[in-house]
Amino acid sequence: MYTESEGKQEACEERKSRFVSLIRQLSHTMRGFKLKDRCKTTQVHAYNPSETSTSSKLGNYPTINSILAESAVSLSTADSFLPYGLPRTHLFEPPVELCLKSVDFVDSLTELYCKVQMTQDFDKSLVYLEQYALLYSLGDPKLLRRCLQSSRQHAVDVHSKVVLSAWLRFERREDELVGSSALDCIGRVVECPKSALVHGYVPNSAFDHCQCHEISNFDGNNTFLSSEKGAGIVCFYIGNEEVNCIRGKIAALSGPLKSMLYGDFIESDRERIDFTHIGISVDGMRAVDFFSRTRRLDSYPPNILLELLSFANRFCCEEMKSASDCYMASLVSDIDEALLLIDYALEERAHLLVASCLQLMLRELPGYLYNPKVINTFCSSEARERLATVGQASFLLYYFLSQVAIEDNMMSKVTVMLLERLKECASERWQKALALHQLGCVFLERNDYKEAQHSFEMAIEAGHVYSVVGVARTKFKQGQRFLAFELINGIILMYKPTGWMYQERSLYSLGKQKILDVNDATRLDPTLSFPYKYRAIVMVEESQIEAAIVEINRIVGFKVSPDCLELRAWCSIALEDYQSAIRDIRALLTLEPNYMMFHGKMRADHLVELLSLHVQPWSPADCWMQLYDRWSSVDDIGSLAVIHQMLINDPGRSILRFRQSLLLLRLNCQKAAMRSLRLARNHSTSSDEMLVYEGWILYDTGHREVALAKAEESISLRRSFEAFFLKAYTLADATLDSESSAYVIQLLEEALKCPSDGLRKGQALNNLGSIYVDCNKLDLAADCYVSALEIKHTRAHQGLARVYHLKNDRKAAYEEMTKLIDKAQNKASAYEKRSEYCDRDMANSDLSMATVLDPLRTYPYRYRAAVLMDDQRETEAVEELTRAVSFKPDLQMLNLRAAFHESMTDFSRALQDSEAALCLDPNHKDTLDLYSRTRIQALKNT
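In the annotation of an unreviewed UniProt entry, the entry for the protein reads Ethylene-overproduction protein 1, and the organism field reads Anisodus tanguticus.

Structure representation (structure tokens):
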């Protein structure tokens, strides 16, 4: 990484002079404007929002206020906006991925599916956790959530249920919802905090409705009478007060008490026994007496319940301890109580109370991650051992904690400590490999190269080949370029080459070999962003800025990321195209609100302020017009930028946050989309609006029925477009019969009667047209699409083309899709769809263009493979799919390749692909049928 100190050493004077020029220019331009008042957050360079004191961090860096005092002249040059110069290739490198990464992903999927099938049901929870770790590299939130849900479904012990339920909550980040409680429940057993405290294996009920209001971990009305072995009264005195108890009842509580009261001890002959120094109060002893008579716990305060726990431990009263433990666990209701009780619970080894306290702590993450009490509970080796004594320390627990810490602050000491504990809990090879690899990544980020190298080497010994990338990187950082090159070169020679191998080797190659490696990386895996960035920066160094932007556009067109948007903005500034630069910076701020530009030296939002002085300002009305134009031209990044500007002026506008989330989902930025949805919910001005956004959050995280209930509740409060639309969309997600379709149509018609803007009404008309098509009401569908187009919903061209196609007018369908291609900024899906309405040669041309624009779209590969198969070019057909599967192991492509292998009577490979596909979706019917057939054939051939 390009660190702050290196920046000071390499370019301090140049940076300062350019920055002075920039501010002088701004001062001259602004004249009457009070730039000082707009820039009162003085720190521009090396900004870190976690630092509380900035003055001591600035060193010799210039600040806006300090330079304004020197402002006298004006310069007109793009260099003024580039105080750190143009990007340089030696300052960029791809990060070492934090996840498990297999050199043969399909083979790993196959092995994992077989492992799931061979494992006993009540032992499957940990196998699904392994599946989560393996599939993490795919970056599919829905797939990962399903893994966690399966792991929770098959969990047996309370500890695993508590951790997995908290993890599922964390993935939805409910902690960011204003007014939410850690113990809020969505109504399903799989995430219910109370259900998590119930031991047992009940996999079939995991997705059922929970009974939160009925569940009680301790039923105070149950009464169990012990057999009375003696009816005499025994008096226990504590200080000057006495508590009379039934001797036989107290004796029945445990063996030690029975021996004391009826055995050879002197107390057996006494009617008064001194309990002054036992550690129990008079009220506590009365509670013991009450429990001994009734086997019930009354509504005692926590201090009395803790005394009962202590007494039960001292005298081995297991039934009373269990009852007290269970009852206290049910009473822990907030994080403060959990932090207060956790030490008592651990000291008394109250397993369920510890679990209940841990549950509150885990469900409050990441907010309480750095709380001293939380750190003391989890982070040290002694803390882990203490948790282990009550069965509350596990690989699962520390896997969750370490992922939270990595996401929050990868370089923190807490992250290192949690990963160290994860390593201590690891028992299986994959667990050791994961813990050691992630520890190596964190040490690498902290510039602790020797520790990083050691961790990576141990991960390799645990079977994780990809960790060789970490070893090579640490050697390179320590000046051993040749050794790093040899390490990666050895991997390329030993295994089937993949894109990441050539990408990594390019860091250590020299001359022409470097660019050859970068190009090979793209050829094998066109989804890797670093090669595009590298080639673009080389062009920048050769003063080919326009060509560099074209290169970056190739990756941004299908895979949006802050670093690529930053690089494109950097190039736009160099061309003095400030409007384009602002667009990209606003878009990346939508993805990462605290993003730092220029290798972490300048806040992106500050740069937007500076650049905005050199472009025409937009009024609120201008912004709405710009948004309509960009939305209608399918310019999602441009639309994001406009909405970001509108939110600066009106940050509490929830409907804009919602629009933002829709765009982010289109761009496959789900994490950012969910954050926007949460902000929309938090800024809602009415209950009905809040319910709609909560419904979308639940729908997008797989809770369809709960989302539907939210929509219905919102409609009951107020009939609104968004509530009807949510209900219709949620119902349409299921397979619709004629009756259900009619109901969805009715809901969409009701939505269109409610006030809304053209952007949303266009979407509703488009959806309504789709339902009409499914019902074979083509004329009504065409009317909907035409109406949508009249309000500039450009995507309706696709629906209208489908109507023409169903009316056997392929020419009109083709022309309609051509109109969409002409209008849309993002054209890949349009080319793909147009291919359905033309002959084979033209279809191949369109699909080739779709692949160039978006290599992640799988239909073009499947189509080309099917054509090759029809032409009896079987080997080429399989190779077409194999090339795509190597960087996108998609269910449909694996299923098709398995079918090809079956038709070629290669049943072993067909079986392998079927198993890999089922690892991604165990309920996929076509693959299950294929798997069943090929398994029988494979057995016959053995």
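Further notes follow.
*Asks:* Looking at this structure, how should I read the overall build of the protein?
*Replies:* In terms of regular secondary structure, the protein is built from 49 helices and four strands. In the protein, buried positions account for 55% of the 942 residues. Nonlocal contacts in the protein, meaning residues at least 24 apart in sequence, comprise 60% of its contacts between residues at least 6 apart.

*Asks:* Can you help me understand the UniProt feature "coiled-coil region" (unreviewed entry) in the protein in this one?
*Replies:* Residues annotated in UniProt with the feature "coiled-coil region" (unreviewed entry) correspond here to residues 807-834. A helix fraction of 75% and a strand fraction of 0% characterise residues 807-834, whose end C-alpha atoms lie 16 Å from each other.

*Asks:* Where do I start with the side chain of Arg-760 in this structure?
*Replies:* One can find Arg-760 in helix α39 (residues 758-774). Its relative accessible area of 3% is what places Arg-760 among the buried residues. Leave out the neighbours within four places in its chain, and Arg-760 touches Phe-658, Arg-659, Leu-662, Phe-721, Glu-722 and Phe-725.

*Asks:* Got a minute to help me understand the sheet that holds strand β2 (residues 241-246) in this structure?
*Replies:* In spatial order, the strands read β2-β1-β3; together these three strands make up an open sheet with mixed pairing. Since the sheet does not close on itself, it has two edges, and those belong to β2 and β3 (272-274), each with one partner. Pairs of neighbouring strands in the sheet enclose a mean axial angle of 30 degrees, with direction left out of account. With six bridges joining them, strand β1 (residues 233-238) and β2 adopt antiparallel strand pairing. Bridging from a neighbouring strand, Ile-238 pairs with Glu-241 of β2. Contacts from helix α10 (residues 282-294) reach β1 and β2 within the one sheet, and its direction differs from that of β2 by about 10 degrees.

*Asks:* Any chance you could explain the pairing of β1 here in plain terms?
*Replies:* Within a regular beta strand, the side chains point alternately toward one face of the sheet and then the other, so they alternate between its two faces. Sheet topology note: the β1/β3 ladder contains three bridges and is parallel. Its bridge partner being in β3, Tyr-237 is matched across the sheet by Asp-274.

*Asks:* Teacher, can you tell me more about the UniProt feature "repeat: TPR" (unreviewed entry) in the protein here?
*Replies:* Mapped onto this numbering, the UniProt entry gives "repeat: TPR" (unreviewed entry) at residues 433-466 and 762-795. Overall, residues 433-466 shows 76% helix and 0% strand. The separation of its end C-alpha atoms is 10 Å.

*Asks:* Sorry if this is basic, but what is going on with the packing of aromatic side chains here?
*Replies:* The description of two aromatic rings rests on the distance between their centres and on the angle between their planes. In total, this model carries 28 aromatic pairs according to the counting rule given. Between the aromatic rings of Phe-721 and Phe-725, the centroid separation amounts to 5.7 Å while the plane-to-plane angle is 15 degrees, which identifies the pairing as stacked. Taken together, the residues span about one helical turn, with Phe-721 and Phe-725 both in helix α37 (residues 721-732) at a distance of four residues. One exposure class covers both Phe-721 and Phe-725, and it is buried. One Lys or Arg, Lys-101, reaches over the ring of Tyr-466 and ends 5.9 Å from the middle of that ring. Its guanidinium or amino end placed over the ring of Tyr-532, Arg-535 lies 5.1 Å from that ring's centre, counting from NZ or CZ.

*Asks:* Where do I start with the packing of helix α47 (residues 891-903) against helix α49 (residues 925-941) in this structure?
*Replies:* The description of two packed helices rests on the angle between their axes and on the distance between the axes. Where α47 meets α49, the closest approach of the two axes is 10 Å, and the angle between their N-to-C directions is 30 degrees. The angle between α47 and α49 places the two elements in the roughly parallel class. Regarding α47 and α49, the two cross each other, and that crossing is left-handed. Across the interface between the two elements, Leu-891, Asn-895, Ala-898, Ala-899 and Glu-902 from α47 touch Asp-926, Thr-927, Leu-930, Arg-933 and Thr-934 from α49. Across the contact of α47 with α49, the residue classes tally to four nonpolar, three polar and three charged.

*Asks:* Got a minute to help me understand the pattern of salt bridges in this structure?
*Replies:* Per the counting criterion, the structure on display carries 61 salt bridges. Ionic pairing is found between Lys-124 and Asp-121, a salt bridge with its closest N-O pair at 3.1 Å. On the basis of relative accessible area, Lys-124 is assigned to the buried category, the value being 12%. Between Arg-384 and Glu-424 there is a salt bridge, with the nearest N and O atoms lying 2.8 Å from each other. Of this pair, Arg-384 sits in helix α16 (residues 381-388) while Glu-424 sits in helix α18 (residues 413-425), placing them 40 residues apart in sequence.

*Asks:* Sorry, what's going on with the side chain of Thr-498 here?
*Replies:* By secondary structure assignment, the location of Thr-498 is in the loop between α22 (481-494) and α23 (499-508). Judged by its relative accessible area of 17%, Thr-498 is buried. Looking at Thr-498, its side chain comes within polar contact range of the side chain of Trp-500, at 3.1 Å.

*Asks:* How do you make sense of unusual backbone geometry when you look at a structure like this?
*Replies:* Most peptide bonds take the trans form, and the phi angle of most residues other than glycine is negative. With an omega dihedral of 5 degrees, the bond running from Leu-365 to Pro-366 counts as a cis peptide bond. Non-glycine residue Glu-576 carries a positive phi angle of around 60 degrees. Within the fold, Glu-576 resides in the loop between α27 (562-574) and α28 (578-591). Positive phi is not limited to glycine here, since Gln-872 has a value of about 60 degrees. The topology assignment puts Gln-872 in the loop between α45 (859-870) and α46 (874-885). Looking at Gln-872, the relative accessible area reads 69%, which means it is exposed.

*Asks:* I tried to follow the environment of Tyr-262 on my own but got confused; where do I start?
*Replies:* Note on placement: Tyr-262 falls in helix α9 (residues 255-262). By relative accessible area, which is 36% here, Tyr-262 ends up partly exposed. Along the sequence, Tyr-262 and Ala-251 sit 11 residues apart, while their C-alpha atoms lie 7.8 Å from each other.

*Asks:* Teacher, can you tell me more about the nonpolar core here?
*Replies:* Proteins that are soluble and globular tend to have nonpolar side chains buried together. In terms of nonpolar packing, the biggest core is built from 230 residues, with Phe-236, Phe-275, Met-285, Phe-311, Leu-362 and Phe-378 touching the most fellow members. Sort the elements by how many residues they give to this core and helix α17 (residues 395-408) lands first, with 10 residues. When neighbours within four sequence positions are excluded, Phe-236 is seen to be in contact with Glu-241, Glu-242, Val-243, Cys-245, Ile-250, Met-260, Leu-261, Ile-273, Phe-275 and Met-285. In terms of nonpolar packing, the next biggest core, distinct from the first, is built from 46 residues, Leu-677, Val-692, Phe-724 and Ile-745 among them.

*Asks:* It is not clear to me how helix α14 (residues 351-363) should be interpreted in this structure. Could you clarify?
*Replies:* One full turn of an α-helix is made of 3.6 residues, so residues set three or four places apart face in the same direction. With 13 residues, α14 extends 18 Å from end C-alpha to end C-alpha; this agrees with the ideal 18 Å at 1.5 Å per step. Of the positions making up α14, those classed as buried are Leu-352, Leu-353, Val-354, Ala-355, Ser-356, Cys-357, Leu-358, Gln-359, Leu-360, Met-361, Leu-362 and Arg-363.

*Asks:* What is the right way to read the confidence of the model for the protein from this model?
*Replies:* One rule of thumb: low pLDDT means the predicted coordinates there are not for detailed reading. For the protein, mean pLDDT is 87; residues scoring 70 or higher make up 89% of the total. Low pLDDT, under 50, characterises residues 1-77; the stretch is placed with 110 contacts to residues that sit more than four places away or in other chains. Segment residues 213-230 is flagged for pLDDT under 50; beyond a separation of four residues in sequence, or across chains, it makes 33 contacts in the model.

*Asks:* Help me understand the packing of helix α19 (residues 429-445) against helix α20 (residues 449-461), please; the structure alone is not making it clear to me.
*Replies:* At a minimum axis distance of 8 Å, the contact between α19 and α20 shows a crossing angle of 160 degrees. Judged on the interaxial angle alone, α20 and α19 are roughly antiparallel. At the point where α19 passes α20, the crossing takes the left-handed sense. Residues Arg-429, Ala-433, Leu-436, His-437, Leu-439, Gly-440, Cys-441, Phe-443 and Leu-444 of α19 form the contact with α20, whose own contacting residues are Tyr-449, Glu-451, Ala-452, Ser-455, Phe-456, Met-458, Ala-459 and Glu-461. Residue classes in the contact of α19 with α20 are distributed as 11 nonpolar, three polar and three charged.

Each value, and the rule that gives it
Residues numbered from 1 in each chain as written. Predicted model: local features only at pLDDT ≥ 70, side-chain atom pairs only at ≥ 80, totals over all residues. Heavy atoms only, no water. Helix = DSSP H or I, 4+ residues; strand = E, 2+ residues; numbered from the N terminus. Buried < 20%, exposed > 50% of the residue type's maximum accessible area, 1.4 Å probe, protein only. Contact = heavy atoms within 4.5 Å. UniProt positions renumbered as here; feature names shortened; annotations may be inferred. Pairing = 2+ DSSP bridges. Axes fitted to C-alpha atoms, helices over the stretch in contact; angles between N-to-C directions. Phe/Tyr/Trp six-rings, centres within 6.5 Å; stacked < 30°, edge-to-face > 60°. Lys NZ or Arg CZ within 6 Å of the ring centre and 35° of its normal. Parallel < 35°, antiparallel > 145°, perpendicular 65-115°, else oblique. Left-handed = near helix turned anticlockwise from the far one by under 90°. Nonpolar A, V, L, I, M, F, W, Y, C, P; charged D, E, K, R; others polar. Salt bridge = Lys/Arg side-chain N within 4 Å of Asp/Glu carboxyl O. Polar contact = N/O pair within 3.5 Å; in protein donor to acceptor, adjacent residues only side chain to side chain. Core = buried A, V, L, I, M, F, W, Y, C linked by side-chain atoms within 4.5 Å. Expected span 1.5 Å × (residues − 1). pLDDT = per-residue confidence, 0-100.

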